[in-house]
Structure formats: structure tokens, C-alpha cells
Amino acid sequence: MNRYGILVRLTAAILIAAIVVGIVSANIFYRITYDSEVAAANEDISQLFTTVSSTASIAAYVEDSEIAREVVNGLITNNTVHGVKFKAGNVSVSTPIKSSYKPLSFNIIHPFNNSDVIGQLDIYPEESFIRKRADLIGQDNVKAQFALATVITLLTLLISHYLIIRPMVNTGTALHNIDPGASNRLVKPDFHKTSEIGELVEDINALLEKSEGLINKERTLRKEIEVLEK
């Protein structure tokens, strides 16, 4: 195989394009997946707060640090939660927090007066858990894209070979085997009767026709010259 041939160049171009598109699309999909996982984690945390809101309201109302501690410990056991801060009156309960995420802040409502805010509960999402889930989903997306890109690349090369490369190679080989002035003509490849390759074959046949006529005319003139010389 000619290393400078069309098939080699086409294969290299398609592979490079597939790699570039794969890298760009993988980064885009990962960013989308990560944002989606952050939104899902925030939704989970909101549901967790709804679950403990009644207990948190009582802890804030009676300013009981033990109940507040139970609320905090219950939240921190969830994989989505990194840390919790409970603040109500003189009660302040918190877990160790080492996160760059902004917390989700929830108002603790008075148990007997829904319009009265008596405390605040800050819940920090667990960044490593969110990133791990995003990485797993991202890896699956990359594998799927790689498999799809591989199939598309192979199909593109196969179709290009049978529809473009092979007809051109066969046409070039047939042209190479035609002697100057011979009456042989090129045959249009299948599926290329009206395509650009078919038009190219017609133009080549026209040149062969003209070349044959010129050569035959030259032969006739040579014979006439020979007769005149005699």
C-alpha cells in the first residue's frame, strides 16, 4: 500500500478528526454530567432537610443541643452530605467542614408559627461523592462515544474504499495499461455512471479518442512521406 496514497491520508484525517471530536465532546459531556450531578445532590439535600425539618424545628425551639446534634449526625450519615451547621439561639452544632462548595442554607421555622424563623441549618454537599459519580457516568459516556466513533470511522473508510478509492485505482490501472493510439477505452465504474468519477472517465476517453486520431493521422502522413521519398 502506498503510504502517500489517498486511502492512507483519508484514514489519518478521519482518525485525527475522530480523536479531536471525541476529546471535545467528552469534556462537554463531563461538564454537563457534573452540573447534573450537583443539581441532583442539591435536590437530595433539600429532601433530607424536609425529612428532618420537624425535629430541627423542635431542637431550635427548645434550644436543645442534644436534639440538634442528633439532627446533624443523622444528616452527615448521608453520602451526599459533607458537613452540617446548626444554629438557633444559643445552640450551635457543627461538624468538621473542609469543602469549597457553598452550603445550602435552610431556615428553621417555629413549630407553632410558620412565619417565624428561629434558626438556620447549613448543609454542605460532599464534593468527592459528586465528582466520583460524575466520573463514573463520564467514563461510560466516553466508552460509548469511543465505540460509536470507531464504528463510524470503520464504516466511513469502508464506504470510501468501495465507492471512491477502488474505482479510482481501477480506473488508473486500466489507463496505465492502455497503449498510446490503441482503441481501448475506459469503462465507467459501477455506481459512477453520472458522478464526477464517471465524468472524469468520459473526459479521459475523449482524450484517448483525440490521441488515437492524432497518432493515426501521423502514421498516415508518414506513409505518404515515405511514398513521396521513393
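Preceding this paragraph is the structure being described.
All figures in this text were calculated on a predicted structure; none of them were measured in a lab.

A. Seen up close, the pattern of salt bridges. Taken as a whole and assessed by the stated rule, the structure comprises seven salt bridges. Between R31 and D35 there is a salt bridge whose closest N-O contact spans 3.1 Å. One end of the pair is R31 and the other is D35, both in helix 1 (residues 6-62) and four residues apart, which spans about a single turn. The exposure class of D35 is partly exposed, given its relative accessible area of 43%. The partner of E209 in a salt bridge is R185, and the shortest N-O contact between them spans 2.9 Å. Note that E209 is positioned in helix 4 (residues 196-229) and R185 in the loop between helix 3 (127-176) and helix 4, a separation of 24 residues in sequence. Linked through salt bridges whose partners overlap, the residues forming this network are R185, E209 and E212.

B. Region of interest: the side chain of E37. With respect to the element layout, E37 can be found in helix 1. Judged by relative accessible area, E37 falls into the buried class, the value being 11%.

C. View of the packing of helix 3 against helix 4. Two numbers describe how helix 3 lies on helix 4: the axes approach to 11 Å, and their chain directions differ by 10°. The pairing of helix 3 with helix 4 is recorded here as roughly parallel in orientation. On the side of helix 3, the interface is formed by L163, I164, P167, M168, T171 and L175, while helix 4 contributes I197, V201, I204 and L208. A breakdown of the residues in the contact of helix 3 with helix 4 according to their chemical character gives nine nonpolar, one polar and no charged.

D. Fine view of unusual backbone geometry. Here E63, not a glycine, exhibits a phi torsion of approximately 50°, which is positive. Locating E63 in the fold gives a position in the loop between helix 1 and helix 2 (65-76). E63 gets classed as partly exposed once you look at its relative accessible area, which sits at 37%.

E. Expanded view of a nonpolar patch on the surface. A contiguous nonpolar surface patch, about 990 Å² in accessible area, is contributed by I6, V151, L155, L158, I159, Y162, L163, I164, M168 and F191. Among the elements that line the nonpolar patch, the one with the most residues is helix 3, at eight residues. Looking at the element boundaries, Y162 is found in helix 3. Given a relative accessible area of 44%, Y162 falls into the partly exposed group.

F. Fine view of the nonpolar core. Ranked by size, the top nonpolar core spans 22 residues in total, and within it L75, F86, I108, L121 and I123 carry the most contacts. Those elements that provide at least two residues to this core are helix 1, helix 2, strand 1 (81-88), strand 2 (91-94), strand 3 (104-109) and strand 4 (117-125). Residue contributions to this core peak at six residues, all from helix 1. Apart from residues lying up to four places away in sequence, I108 is in contact with A56, S57, A60, F86, D116, V117, I118, G119, Q120 and L121.

G. Focus on helix 4. The terminal C-alpha atoms of helix 4 lie 49 Å apart, and with 34 residues this matches the ideal 50 Å at 1.5 Å per residue to within 8%. If you follow the buried residues of helix 4, they end up packed against helix 3.

H. Representation of the environment of P103 in the model. Among the structural elements, P103 can be located in the loop between strand 2 and strand 3. Along the sequence, P103 and V81 sit 22 residues apart, while their C-alpha atoms lie 10.0 Å from each other. The residues contacting P103, other than those within four sequence positions of it, are D122, I123 and Y124.

I. Structural context of the sheet that holds strand 2. Across the sheet, which stays open at both edges, the four strands sit in the order 2-1-4-3 with antiparallel pairing between neighbours. Only two strands of the sheet have a single neighbouring strand rather than two, namely strand 2 and strand 3. In this sheet, neighbouring strand axes are inclined to one another by 15° on average, regardless of whether the strands run parallel or antiparallel. Each of strand 1, strand 2 and strand 4 touches helix 2; the most contacted strand, strand 1, lies at about 160° to it.

J. View of the pairing of strand 4. Across the nine residues that make up strand 4, a large majority, seven, are buried. Summarising the sheet, strand 1 and strand 4 pair through six bridges and their orientation is antiparallel. Directly across from V84, in strand 4, lies its bridge partner I123. Of the strand pairs in this sheet, strand 3 and strand 4 are connected by six bridges, and their pairing is antiparallel. Paired with I108 across the strands is G119, a residue of strand 4.

Calculation rules
Residues numbered from 1 in each chain as written. Predicted model: local features only at pLDDT ≥ 70, side-chain atom pairs only at ≥ 80, totals over all residues. Heavy atoms only, no water. Salt bridge = Lys/Arg side-chain N within 4 Å of Asp/Glu carboxyl O. Helix = DSSP H or I, 4+ residues; strand = E, 2+ residues; numbered from the N terminus. Buried < 20%, exposed > 50% of the residue type's maximum accessible area, 1.4 Å probe, protein only. Axes fitted to C-alpha atoms, helices over the stretch in contact; angles between N-to-C directions. Parallel < 35°, antiparallel > 145°, perpendicular 65-115°, else oblique. Contact = heavy atoms within 4.5 Å. Nonpolar A, V, L, I, M, F, W, Y, C, P; charged D, E, K, R; others polar. Patch = residues over 30% accessible without salt bridge, like charges linked within 9 Å, V, L, I, M, F, W, Y side chains within 5 Å. Areas by Shrake-Rupley, 256 points an atom, 1.4 Å probe, with all protein chains shown as cover. Core = buried A, V, L, I, M, F, W, Y, C linked by side-chain atoms within 4.5 Å. Expected span 1.5 Å × (residues − 1). Pairing = 2+ DSSP bridges.

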